[in-house]
Amino acid sequence: MDRIDELLLSELACGISLVEQPFDDVAAKLGISVEDVLLRLQNMLRTGVIRRFGATLKPNSIGFTANAVIAWNVPGERVDEVGMFFSSFREVSHCYERSPVPERWNFNMYIVMHASSRKVIEQSVKFLAGTVGIYDYVILYSKRDLKNSVKRGV
Amino acid sequence: MVVGLALNDVDKKFNVCVLDDVDKCLLQLLQENFPIVECPWRELSEKLGVSEQQVLSRVENLFASGVIRKIGSIVDLAKIGYTSTTLVALRVSDDKIDDVALIINEYSCNVDGGGVVGNVSHNYEREHEYNVWFTLTAKSEQELSCMLNEILQKTGLSQSDVLNLPTVKRFKINVNFLVNDNVDVVAVV
């Protein structure tokens, strides 16, 4: 990744504009050809620097109104197996192993689920728990997106 | 069938916009297979069997109705040096949540390489005794712990009100919503 790649990423961090040839605008701003822009983007997608190029949707607007982190206490030797199993579900958008806090918080596996209702999340979690045989978990429903709702001066 | 808490939310009045099958296909393609070509809308229009102008005006409507937040690149922070990440949970009294959120949000727009990343990617109020949950990322363990200490100091919270849950292994990150047949109407916000 060079300086132009960085500039390109920062240019696209806020998204493309809705014009017929959106990458032309970006190329003009950076003073490079549109072919170069496309090539650089494709390269960064291939190497994984860009995880995804596309639309970010507002989950509420399309019916995904329930969102939760589910924290699990998974025995150390089962972390890989359980992590891969949880990750195989489309409804699970994130799955991480994390260090717990000794004596205060034993949960070491975290998944994020989006669904149309809390009932659907509860059913899915019951299914996952039953399948892996792990019942020590906590569902942490999201109440408010603080990053997108709490702003200075508002 | 109408689905969606936003629509049922009795506190607010919403207008609605109807999604047809073309919109649903379009949303799926926009999320998963956005064409990195000179005329992306034309390529999408060929896949969808509608005109390029139709695609653009549908995308404009989906933006206007708040369904689409942005169309752009999502960077894998780990690949550009942000290798240390953690999830932090705080126990905050209800009347202090917004103040604490503001302090955390200041770290969501730190610039690097001209604005590619912020150190905070998520910040949510959750229904639990630990009620504020945010992710923090930095270029080293040291930088991460300095930043976390700085945040905690500003909030005035004590260590007993904090859970620091560093990432050991990432199994999956793929936020991609299946716009299913149950959703025909969306809220215009």
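Read on for an overview of the structure. (Residues numbered from 1 in each chain as written. Chains lettered and ligands numbered in written order. Predicted model: local features only at pLDDT ≥ 70, side-chain atom pairs only at ≥ 80, totals over all residues.)

### A look at the pairing of strand 4 (residues 120-126) of chain B
Most of strand 4 of chain B sits out of view: 5 of its 7 residues are buried. Note that strand 5 (residues 137-145) of chain A and strand 4 of chain B share 3 bridges and pair antiparallel. When the bridges of strand 4 of chain B are listed, arginine 144 of chain A appears paired with glutamate 125 of chain B. When strand 4 of chain B meets strand 5 (residues 132-138) of chain B, the two strands line up antiparallel, connected through 4 bridges. Note on strand 5 of chain B: the bridge partner recorded for tyrosine 124 of chain B is tryptophan 133 of chain B. Here strand 4 of chain B folds back onto strand 5 of chain B in antiparallel fashion, the turn holding 5 residues. (Buried ≥ 20, exposed ≤ 12 C-beta atoms within 10 Å, placed from the backbone. Helix = DSSP H or I, 4+ residues; strand = E, 2+ residues; numbered from the N terminus. Pairing = 2+ DSSP bridges.)

### Topic: the interface of chain A and chain B
Taken together, the contact between chain A and chain B spans 65 residues of the former and 71 residues of the latter. Split into classes, the residues belonging to the side of chain A that touches chain B amount to 33 nonpolar, 19 polar and 13 charged. (Contact = placed C-beta atoms within 7 Å. Nonpolar A, V, L, I, M, F, W, Y, C, P; charged D, E, K, R; others polar.)

### Things to note about the sheet that holds strand 5 of chain A
Read around the closed barrel, the 8 strands follow the order 2(A)-4(A)-3(A)-6(B)-3(B)-5(B)-4(B)-5(A); overall the barrel is antiparallel. Across the sheet, the mean angle from the axis of one strand to that of its neighbour is 35°, orientation sign disregarded. Relative to strand 5 of chain B, strand 3 (residues 84-90) of chain B runs antiparallel, the two being bridged by 7 bridges. Paired with valine 88 of chain B across the bridge in strand 5 of chain B is phenylalanine 134 of chain B. Relative to the sheet, helix 6 (residues 141-155) of chain B contacts strand 3, strand 5 and strand 6 (162-173) of chain B, its axis offset from that of strand 5 of chain B by approximately 145°. (Axes fitted to C-alpha atoms, helices over the stretch in contact; angles between N-to-C directions.)

### A few points about the environment of methionine 1 of chain A
Counting through the fold element by element, methionine 1 of chain A comes out in the segment before helix 1 (3-12). When the C-alpha positions of methionine 1 of chain A and arginine 40 of chain A are compared, they lie 9.2 Å apart, and in sequence the two are 39 residues distant. Among residues more than four places away in sequence, those in contact with methionine 1 of chain A are Glu6 and Val49 of chain A together with Ile80 of chain B.

### Considering the packing of helix 5 (residues 97-105) of chain B against helix 6 of chain B
Residues and elements named next belong to chain B. As a packed pair, helix 5 and helix 6 sit with axes 10 Å apart at the nearest point and diverge in direction by 150°. Taken together, the axis directions place helix 5 and helix 6 in an arrangement best described as roughly antiparallel. Helix 5 and helix 6 meet at a crossing whose hand is right-handed. Packed against helix 5, whose contacting residues are Val100, Ile103 and Ile104, the element helix 6 presents Ile151, Lys154 and Thr155 at the interface. Within the contact of helix 5 with helix 6, the residues separate by chemical class into 4 nonpolar, 1 polar and 1 charged. (Parallel < 35°, antiparallel > 145°, perpendicular 65-115°, else oblique. Left-handed = near helix turned anticlockwise from the far one by under 90°.)

### Observations concerning the environment of methionine 113 of chain A
Residues and elements named next belong to chain A. Structurally, the position occupied by methionine 113 is in strand 4 (residues 109-115). Given 22 C-beta atoms within a 10 Å radius, methionine 113 is considered buried. Distance from methionine 113 to cysteine 95, taken between C-alpha atoms, is 9.5 Å for residues 18 residues apart in sequence. Not counting residues within four places of it along the chain, the set of residues in contact with methionine 113 comprises Ala68, Ile70, Glu91, Val92, Ile121 and Ser124.

Interpretation note: all reported values are geometric properties and have no functional meaning in isolation.
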